[in-house]
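# Structural overview for review
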Amino acid sequence: MRIVIVGGVAAGMSAASRAMRQNPDADVVVFERGEYISYGACGLPYVLGGDVDSFDDLIARTPAQMRSRGIGVRLRHDVTGVDAGARTITVVDRESGRSVVEPYDKLLIATGVSAIRPDWAQTDLGGVHVLREIPDGQAIEATISGGAKRAVIVGGGYIGLELAETLTCRGLKVVVVEKGPEVAGRMLDREYQQRVRAELESNGVDIRCGTTVEGLTGKDGQVTGVQTDHGLVRADVVIVAVGVRPNLELARAAGARIGKTGAVAVNIRQETNVEGVYSAGDNTESIHRVTRRKVHIPLGLTANRMGRVAGVNMAGGDASFPGVVGSSIFKTFALGAARTGLTQSEADDLGLDAASVDVHSTDHAGYYSTAKPIYVRLTAERGTGRLLGGQLVCGNHESVKRVDVIAALLHNRGKVQDLFEMDLSYAPPFSGVWDVLLVAADRLS
Ligand code: FAD
């Protein structure tokens, strides 16, 4: 049994480990076109910010460690083709340029996504970066250490906002340019987006929403500014964080179906429509447990879990992916923001009869010294009381992790009353006696 995996990060390496555990006699080989495998890309902003000492600290397992477990790892090997009929792939060794054909019994496509670079960002100018992989982080570090003073971050999504904190703390003057009306646009409802922007602005970040980038200016091979429809913004470093696009070339070459979400369509076993070909991770769509619709929400736990499911199944076991509920969380400066399920505006767009309640309280007991304001929006279906989602923003960033209580209920189609009846833990340094989630559920029921 030869199991071939393309892509050696979250989904690919989870699959390799699980396949090996499921069937220790299998021949498991991972092809990765980059320099690194098995690392936490989510930690990249924190290396740049100094909360993590080095890029090496993000690496969970080295190729040598994987090989010692019997998993073959080929770094700098680009898989350029698939012949699903013959069950072979074409691989190019990026060092020698040599191309070989390799057989497989089961193939996992775990090729992830690429950062979108609009036309204006396709430039040779120094100082223009995306942040996706370790070498991107190293390149940004080199630009910052080289004396950059003014940064423009294009895109006000979570990666852009994490970087806004990082670069400000590194002493740069940061401008965030966002085309949409607010930051964190795809994540939160408007009032909660505004709270995130307020935190950034109070820390000196210049946020320019409703602003479209038209081009870059440069001198002597270095970027000097970002031309927008509202004028020129000077910059020595530009980070392009406008979203990601699934890497679909191999899935297409294999004949795998691409779903309406624009990512690879799979069943709950991570199988594509092509016999013997699986897909997992950021390049793959999943099912949303609240809406029962296909979604493409490329995040770390999803990628690891999909990889694990694919690994078990490719090696002859039986596992299924349970779906997602759309949970995500981030921090910028002291503020934490989290959401799960649907926002009110997402529920409206889907035509659901949804109502929300907003609660403004404190995350710890009001009299406790560390208490900070916390804002919670809970959304439910009118009539049935079925929970649809929740959003939290708090000046103590860890406090928004209680979003997981709502996520747990969403997994089982829980109701507002179920939340209200939950026996949540309490002590003054953690919450009020009636946690803010219970207060919200009480008001919504
Ligand atoms: P990837 O990590 O993209 O790995 C795919 C690999 O496939 C790549 O290494 C690529 O080189 C390789 N590959 C592609 N094509 C080929 C080919 N043809 N041949 C050989 N190799 C190929 N998620 C969260 O849940 N929480 C967070 O806080 C969070 N923060 C993030 C912060 C940053 C800066 C970034 C970039 C991502 C963050 N994520 C976060 C997302 C998370 O990192 C991804 O969901 C996860 O890495 C996806 O893993 P993957 O294996 O599907 O894809």
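Looking at an unreviewed UniProt entry, one finds the protein chain named FAD-dependent oxidoreductase, with Deinococcus arenicola as its source organism. According to its UniProt record, the protein chain has this under Sequence similarities (unreviewed entry): "Belongs to the class-III pyridine nucleotide-disulfide oxidoreductase family." Recorded in UniProt for the protein chain, the comment headed Cofactor (unreviewed entry) runs: "FAD".

The secondary structure content of the protein chain amounts to 12 helices and 25 strands. Over its C-alpha atoms the protein chain spans a radius of gyration of 23 Å, differing by no more than 12% from the 22 Å that the globule rule assigns to 445 residues. Overall, the C-alpha framework of the protein chain stretches about 65 × 60 × 40 Å when taken along its three principal axes. Residue burial in the protein chain is summarised as follows: out of 445 residues, 45% are buried. If you take every contact in the protein chain between residues at least 6 apart in sequence, the share linking residues at least 24 apart comes to 64%.

Looking now at the UniProt feature "domain: Pyridine nucleotide-disulphide oxidoreductase dimerisation" (unreviewed entry) in the protein chain. The positions that UniProt labels "domain: Pyridine nucleotide-disulphide oxidoreductase dimerisation" (unreviewed entry) are, in the present scheme, residues 333-433. Split by type, residues 333-433 is 20% helix and 33% strand. Its first and last C-alpha atoms lie 28 Å apart.

The next subject is the packing of helix 1 (residues 10-22) against helix 8 (residues 300-314). Viewed as axis vectors pointing N to C, helix 1 and helix 8 meet at an angle of 35°, and their least axial separation amounts to 7 Å. In this structure, the crossing between helix 1 and helix 8 has a hand that is right-handed. Of helix 8, the residues touching helix 1 (which contributes A10, A11, G12, S14, A15, A16, S17, R18, A19 and Q22) are G300, A303, N304, M306, G307, R308, A310, G311, V312 and M314. Within the contact of helix 1 with helix 8, the residues separate by chemical class into 10 nonpolar, 8 polar and 2 charged.

Moving on: the nonpolar core. In this structure, L108, V154, V238 and I239 are the most contacted members of the largest nonpolar core, which totals 129 residues. The element contributing the most residues to this core is helix 1, with 7 residues.

Here the focus is the sheet that holds strand 6 (residues 99-103). Ordered by their spatial adjacency, 3 strands build an open sheet running 4-5-6, and the pairing between neighbours is antiparallel. Lying at the two open borders of the sheet, with one neighbouring strand each, are strand 4 (77-83) and strand 6. Direction aside, the axes of adjacent strands within the sheet are offset by 30° on average. Direction of pairing for strand 4 relative to strand 5 (residues 88-93): antiparallel, over a ladder of 6 bridges. What sits directly across from H77, in strand 5, is D93.

Once that is clear, we can look at the UniProt feature "domain: FAD/NAD(P)-binding" (unreviewed entry) in the protein chain. Per the UniProt record, "domain: FAD/NAD(P)-binding" (unreviewed entry) is annotated on residues 1-289. Its end C-alpha atoms 34 Å apart, residues 1-289 is made of 24% helix and 30% strand.

Another point: helix 10 (residues 403-411). For helix 10, every residue scored as buried is listed here: V403, I406, A407, L409 and L410. Around the axis of helix 10, the buried residues are gathered within 165° of arc, so they sit on the same side. On its buried face, helix 10 is in contact with strand 21 (328-332), strand 22 (335-341), strand 25 (387-394), helix 11 (416-420) and helix 12 (436-444). Where helix 10 terminates, the next one or two residues include R413, which has phi positive at roughly 50°.

Locating A303 in the fold gives a position in helix 8. For the pair A303 and T284, spaced 19 residues apart in sequence, the C-alpha to C-alpha distance is 8.6 Å. Ignoring any residue separated from it by four or fewer positions in sequence, one finds A303 in contact with A10, A11, G281 and D282.

The next thing to look at is the site of the ligand. Around the ligand, a shell composed of 33 residues is seen, among which G7, V9, G112, G281 and G300 lie nearest. Secondary-structure elements contributing two or more residues to the shell around the ligand are helix 1, helix 2 (44-49), strand 4 and helix 8. The class makeup of the residues in the shell around the ligand is 19 nonpolar, 9 polar and 5 charged.

With that settled, consider the sheet that holds strand 15 (residues 231-234). Judged by pairing direction, the sheet is antiparallel, and its 3 strands sit side by side in the order 13-14-15 without closing on themselves. At either end of the open sheet lies a strand with only one pairing partner, and these are strand 13 (213-219) and strand 15. Neighbouring strand axes in the sheet, compared pairwise and without regard to direction, differ in orientation by 30° on average. Relative to strand 14 (residues 222-228), strand 13 runs antiparallel, the two sharing 6 bridges. In the sheet register, G215 faces strand 14, and the bridge partner there is Q227.

Following the sequence through the fold, M314 ends up in helix 8. Residue contacts for M314: discarding those within four places in its chain leaves I3, A19, K106, L108 and Y278.

In textbook terms, the turn of a hairpin is the stretch between consecutive antiparallel strands, and for strand 13 and strand 14 this stretch comprises 2 residues, one of which, D220, has a positive phi near 50°. Inspection of the sheet shows strand 14 paired to strand 15 by 4 bridges, in the antiparallel sense. Opposite G225, over in strand 15, you have R234 as the bridge partner. Connecting strand 14 to the next strand, strand 15, in antiparallel fashion are 2 residues.

Where helix 12 is concerned, the buried positions are V436, L437, L438, A440, A441 and L444. For helix 12, the secondary structure elements touched by its buried residues are strand 23 (354-362), strand 24 (373-381), helix 10 and helix 11.

We now examine the pairing of strand 3 (residues 71-74). Covered by surrounding structure in strand 3 are I71 and V73 only, the residues G72 and R74 on the alternate face being uncovered. Two elements, strand 2 (residues 27-31) and strand 3, share 4 bridges in a ladder whose sense is parallel. Residue F31 lies in a different strand from strand 3, and its bridge partner there is R74.

Calculation rules
Residues numbered from 1 in each chain as written. Predicted model: local features only at pLDDT ≥ 70, side-chain atom pairs only at ≥ 80, totals over all residues. UniProt positions renumbered as here; feature names shortened; annotations may be inferred. Helix = DSSP H or I, 4+ residues; strand = E, 2+ residues; numbered from the N terminus. Rg over C-alpha atoms; globule rule 2.2 N^0.38 Å. Buried ≥ 20, exposed ≤ 12 C-beta atoms within 10 Å, placed from the backbone. Contact = placed C-beta atoms within 7 Å. Axes fitted to C-alpha atoms, helices over the stretch in contact; angles between N-to-C directions. Left-handed = near helix turned anticlockwise from the far one by under 90°. Nonpolar A, V, L, I, M, F, W, Y, C, P; charged D, E, K, R; others polar. Core = buried A, V, L, I, M, F, W, Y, C linked by C-beta atoms within 7 Å. Pairing = 2+ DSSP bridges. Arc of directions from axis to C-beta. Near = placed C-beta within 6 Å.

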